[in-house]
Every structure is written in structure tokens, then in C-alpha cells.
Amino acid sequence: MIQQAQQILKQYFGYDSFRSGQQQVIENVLNGRDTLCVMPTGGGKSLCYQVPALYVEGTTIVISPLISLMKDQVDLLHSNGVQAAYINSSLTFGQINETMENVKNGTVKLLYIAPERLENEIFRQELSKLHVPLIAIDEAHCISQWGHDFRPSYRTISSLVTLWKKKPTVIALTATATPTVSEDICSLLNIKVEDSFITGFSRDNLSFKVLIGENREQYIKKYVKNNENEVGIIYAATRKSVESVYELLLKNGVRVAKYHGGMGEAERTEEQNRFLQDEVQVMVATNAFGMGINKTNVRFVIHYQMPRNMESYYQEAGRAGRDGLPSECILLYSSSDEQTQRFLIDQAQDRTRIPMELEKLQSMVDYCHTENCLQSYIVQYFGETRISECGQCSNCIDSRPKLDVTEDAQKVLSCVVRMGQKFGKTITAQVLAGSRNKKIEGFRHLSTFGILKPMSAKEISSFIEFLISEKVLLVQPGQFPTIYISDEGKAVLLGNKKVLRRTKIEVSAVKQDDP
Ligand code: ADP
């Protein structure tokens, strides 16, 4: 079976072998098992359903929410000699009828459909007359309300399989699913846990770096100048900061483009093209930029501010090094970023999603404070279990010795206890620093007031973030998040567990290493 699939791979796509995850997924699908494939962008998900579609008889239905990508996919398949078609709102009524006629004649191997179509009963009836052995659901995280891009029309997919007497095999594919989202997709589509394949998340050619408390403007000016022969993207959290970073680079003579939702469509397209055609060195953008962009030679992706969750971060950072060559993904963190993201999350229309968004934000903050391998943190976040250190991220190459900070951690923890585990990290840090802030006057009597005094409230806050990333302290999310002690924290307090931390970062030292 797999030999025949390999022949299809060679004949239609010109590749000699499957990537490691692809083969398992394809075998599973060809065995008629409903399958979930979680693979990062660029990992090669398309072939996971296209090869089986060519293997089996009949027309495979591919559900995809991205109208612009549908046409690209179909064009690409045509150029490989595969009969494919799409139906979405960009077609006229007449064109849709014509396409359906072609499909009924049985020549079309892959039919791409926008999920909204499935809400139309007449269209469902039409589909039920076709021979459909396989249904591929692209961007499957859209079916889960725990995902970052829930689309109500995706919910109609669950009942789609019942249209045919012989149930088609289902393959759901996504690049961005946390374990919770994966479980949700599986339960909504009746996919067995053992049929989910989470694979290929680590990107060996990317080196990750988190820099805390840098002067961001200075840093990017210098970085862009030192890498003037390389192309890169700088992501900023708001339109306003895109504009200011853009102006900054422009003033410094950098060839730069910008992209955000506040610009007109024509201008956005023009700026995007300038970047795609290498007319500029740097694209400064909000997260509105990048969907469906296939520029392979992006050598660096810098996040000027921390994004709102790991899904967004990895999707954006992952746009570096698509050609497999070494590339850098740098995140410039400042504690105010968390406030910015909280504010943006709070703007959400759907209030029910806010607690989940805040939880995701916390994982993002933890990423910025962990002292463990960053690549490992990422793949673990996405549910991979085989973890090995990357050896090249800013944490792996950090040779500063780890110091025993158990005593300081105990001071923090006992202060948290004395404050009734009901307050946030900023107030707690101020109490520990013995700040003169009026708001904390009520805590002056505590024995832990000012107990970490030589440290500033900001440094203590950062230390608390570190303790959170180590899961010694936990966060009760909410509008005013509070911190409390975990079981591990209790062990630290009782002296049964040590806490080790690298010596404080000397920003000037980091700068010397960094271009
Ligand atoms: P995804 O949908 O996961 O983002 P794609 O399916 O677009 O990724 O694949 C990314 C790139 O990798 C494409 O250019 C594709 O042709 C290439 N690719 C996929 N599978 C293989 C393979 N087995 N061997 C070589 N190249 C592959």
C-alpha cells in the first residue's frame, strides 16, 4: 500500500520520499481510520490528504476556510496533472453549477469547499449524490471553540459524514492545536485518540531567543543594520507601534514596508508585493500579515512585543527559514506587553472566550521567562512528547551558572501566603521591595514587607514571573489575576525542593553577542 502511495508521490509531486510524519498519517488514512494530523505550517500537511485522494476512487472533499488559498491549491494541483476544483463565494451561480457537473462526471479527484457552503441544504443534497471516499478538513482547529479561530460554520462538518451510506474516512488537519484543542477536535469528529498524530513541530533551522528589558528601538536599529543583507519581518502588537517602528527604520535609511488592518487594501497589497519581490529588507506588520504568504528566504522574525499566545507566536515566528536555512526568531519582551495583550483580549466581542485567552496569555508569558530550552517549550506546548533540547536557543547557549535562589523564592512564597494568596504579582513585588506606594500601606505590618529590599519591585516582579514559569507559583487568571502557591511551591517553602536560576542578565553583555 505504502509503495503505491510512494509512486503517487513521485508521479504527481516529484518527491522521492515522505517526511517522517507524513507516512504514518497517510498509512492510517488508507487503512480507513479517521485521523487527526497536527503538523506545523510548512510541515507538508497537504500531501497527507492529496496522496490518499489520488489513491482511492471517487472525489475527496476538502473543506478549507481560506478562499484565497483554495485557488492556489487547485492551480498547483492542475500544474501537477491532478483534476481538482473549488466552490466558494468567489464563483457565480453558473460557475458553481458547471463545477458540480464536472464533479458528477467523476473526473474531479479533489473538490475544495468553503465551510459556509455546508449550511446550504440543497448543496448538501447535491454532495450526497457523489461518491466521496474521503473528507479532508483543513484548519480543523476552527471547529473547536477552544481554538484561536473558532468558526461556527465548521460545526456543520460533524454531521456531514452522515450524508453517505458508506461513511467517508475523515482526516482533520491543523498546524495550531494545543492538547485541549486536539482533544476537542477528536471528540467533535469522533476520532480516536490513538489516531491523532502530532508531529514535526520542531524546526531545527530556527534559533529562538527571548530578550527581556532591552531598549527595543536601539536593538532593532542595530540588528537590522548588522543584517542588512538579510530579509526579515518585525511583528508589532498594535497598528500604532507598527507605524512607529516603520518610521524609525525609514528614518535610519532602511528599505522597509508596513502592513496592518488600518491601511487600505490597495496599499496593503502594494506593500506586501514590495516585500515579496525583495524590494525592501524589512516588513513591519501586525498579525494581519502573513496568512498564505510563501516567502522562503525570511532570515529573521522579530517580535517587537510579545504576542497574545503561543499559537500566534509560533505561526508568525515560523515564517522564518521556510527554505530550511538557519534563521532567527527573536522576541523582545517587556513587562508592559502583558498589559497591552490583556487590553486587547478585553476588547473581544465574545466574553466567554476571555478566560481561555488569559490562560493562553499566561503560557506566552511563561515562555518569556522560562530558563529551559525554548524550542522544547514550544513543541511541548503543542503536545509533542518526544522532547530534546535544541542546543541553539538563547537558553541552551546561555552559559551563565545557575545559582541557588531557594531562599529568595521562600521569601516570595511566604509573602504570598501572608497576603492571603489573593493579590497579583505587581502588588506582591511592591510589598517585597518595601515600596512607598500608598496602595500597599496596609501590608506594612507584614514580616515579609521589604524583605527582598535590595532588589527593585521590577526585578522582583521578573523573579515572580520566573517562579510562575517554573510552576512554583500559579496564576488564577481573571481581570485582576492573583498568584497562589502550587504543590511544588509548598515543597520549596518546606525546604524539600531547590530553585535554581541563572544570574541576572547584563543587558550590555547580551548586546555584545548579538548582532
Ligand atoms: P502545510 O500545508 O503543512 O503548511 P505544505 O503542504 O504546503 O505544508 O508543504 C510545505 C512544502 O513542503 C511544500 O512546498 C511541499 O511541496 C513540500 N513538501 C511536502 N512534503 C514533501 C516531501 N515529502 N518531500 C519534499 N517536499 C515536501
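Conventions we followed
- Residues numbered from 1 in each chain as written.
- Predicted model: local features only at pLDDT ≥ 70, side-chain atom pairs only at ≥ 80, totals over all residues.
- Helix = DSSP H or I, 4+ residues; strand = E, 2+ residues; numbered from the N terminus.
- Rg over C-alpha atoms; globule rule 2.2 N^0.38 Å.
- Contact = placed C-beta atoms within 7 Å.
- Pairing = 2+ DSSP bridges.
- Axes fitted to C-alpha atoms, helices over the stretch in contact; angles between N-to-C directions.
- Near = placed C-beta within 6 Å.
- Nonpolar A, V, L, I, M, F, W, Y, C, P; charged D, E, K, R; others polar.
- Buried ≥ 20, exposed ≤ 12 C-beta atoms within 10 Å, placed from the backbone.
- Right-handed = clockwise from strand over helix to strand, strands pointing away.
- Parallel < 35°, antiparallel > 145°, perpendicular 65-115°, else oblique.
- Core = buried A, V, L, I, M, F, W, Y, C linked by C-beta atoms within 7 Å.
- Expected span 1.5 Å × (residues − 1).
- Arc of directions from axis to C-beta.
- pLDDT = per-residue confidence, 0-100.

(A) Structural detail: the overall build of the chain. Regarding its fold elements, the chain presents 19 helices and 17 strands. Here the chain has a C-alpha radius of gyration of 25 Å; the compact-globule value for 515 residues is 24 Å, and the two agree. Referenced to the eigenvectors of the C-alpha coordinate spread, the extents of the chain come out at roughly 80 × 50 × 45 Å. Intrachain contacts of the chain at a sequence separation of at least 6 include 72% that bridge at least 24 residues.

(B) Up close: the sheet that holds strand 8 (residues 206–212). The sheet built from 6 strands is open, its strands ordered 8-13-12-9-11-10 with parallel pairing. Among the strands making up the open sheet, the edge pair consists of strand 8 and strand 10 (256–259). On average, each strand axis in the sheet is tilted by 15 degrees relative to the strand beside it, whichever way the strands run. Where strand 8 meets strand 13 (residues 327–333), 7 bridges bridge the pair, whose relative direction is parallel. Opposite Leu206, over in strand 13, you have Ser327 as the bridge partner. Each of strand 9 (231–235), strand 10 and strand 11 (282–285) touches helix 9 (residues 239–251); the most contacted strand, strand 11, lies at about 155 degrees to it.

(C) Here's a closer look at the site of the ligand. Residues in contact with the ligand, as listed here, are Tyr15, Phe18, Arg19, Gln22, Met39, Thr41, Gly42, Gly43, Gly44, Lys45, Ser46 and Leu47. At 3 residues, the largest contribution of residues to the shell around the ligand is made by helix 3 (residues 45–55). Along the lines of polarity and charge, the residues of the shell around the ligand split into 4 nonpolar, 6 polar and 2 charged.

(D) Summary view of the sheet that holds strand 5 (residues 134–137). In spatial order, the strands read 3-4-2-5-6-1-7; together these 7 strands make up an open sheet with parallel pairing. Looking at the sheet topology across the chains shown, the edges are occupied by strand 3 (84–87) and strand 7 (196–198). Direction aside, the axes of adjacent strands within the sheet are offset by 15 degrees on average. Where strand 3 meets strand 4 (residues 110–113), 4 bridges bridge the pair, whose relative direction is parallel. Along strand 4, the bridge assignment pairs Ile87 with Ile113. Sitting on the sheet, helix 7 (residues 179–189) is in contact with strand 1 (35–38), strand 6 (169–174) and strand 7, with an inclination near 155 degrees to strand 1.

(E) Main features of the pairing of strand 10. Burial along strand 10 is two-sided: the face carrying Val256 and Lys258 and the face carrying Ala257 and Tyr259 are both buried. In terms of strand pairing, strand 10 meets strand 11 through 4 bridges, oriented parallel. By the bridge assignment for strand 11, Val256 is matched with Val282. Crossover strand 10 to strand 11 through helix 10 (residues 265–276) is right-handed.

(F) Looking closely at the pairing of strand 1. Along strand 1, one buried face is formed by Thr35 and Cys37 and the opposite face, lined by Leu36 and Val38, is buried too. Pairing geometry for strand 1 and strand 6, over 4 bridges, is parallel. Within the sheet, the bridge partner assigned to Cys37 lies in strand 6 and is Leu173. As paired elements, strand 1 and strand 7 share 3 bridges and run parallel to each other. Residue pairing for strand 7: Cys37 is matched across the bridge by Phe197.

(G) Seen up close, the packing of helix 13 (residues 354–369) against helix 17 (residues 457–469). As a packed pair, helix 13 and helix 17 sit with axes 8 Å apart at the nearest point and diverge in direction by 110 degrees. The orientation of helix 13 with respect to helix 17, classified from their angle, is roughly perpendicular. Where helix 13 approaches helix 17, its residues Val365, Asp366 and His369 are matched on the opposing element by Glu465, Phe466, Ile468 and Ser469.

(H) Here's a closer look at the nonpolar core. Among the nonpolar cores identified, the biggest contains 112 residues, and Leu111, Ile171, Ala172, Ile185, Ile234 and Val284 are the most heavily contacted of them. Dropping the residues within four chain positions of it, Ile171 is found in contact with Val29, Thr35, Cys37, Cys48, Tyr49, Leu134 and Ala136.

(I) Here's a closer look at unusual backbone geometry. The phi dihedral of Asn190 is positive, around 60 degrees, even though this residue is not glycine. Note on placement: Asn190 falls in the loop between helix 7 and strand 7. Even without being glycine, Gln421 reaches a positive phi, approximately 55 degrees. Locating Gln421 in the fold gives a position in the loop between helix 15 (406–418) and helix 16 (425–433).

(J) Broad picture of helix 9. Taking 1.5 Å as the rise per residue, helix 9 with 13 residues should run 18 Å; its terminal C-alpha atoms sit 18 Å apart, in good agreement. Within the span of helix 9, buried status applies to Val242, Val245, Tyr246 and Leu249. Taken down its axis, helix 9 places every buried residue within 105 degrees of arc, on the same side. Across helix 9 from its buried face, at more than 90 degrees, point the exposed residues Lys240 and Lys251. Next to the buried residues of helix 9 lie helix 8 (216–226), strand 9, strand 10 and strand 11. Positive backbone phi, at 75 degrees, marks Gly253, one or two positions downstream of helix 9.

(K) A look at the confidence of the model for the chain. Per-residue confidence for the chain gives a mean pLDDT of 90; residues scoring 70 or more make up 97%. Scored below 50 in pLDDT, residues 505–515 shows 8 contacts in the model against residues more than four places distant or in partner chains. Among the prediction metrics, the complex's ipTM stands at 0.98, with pTM recorded as 0.75.

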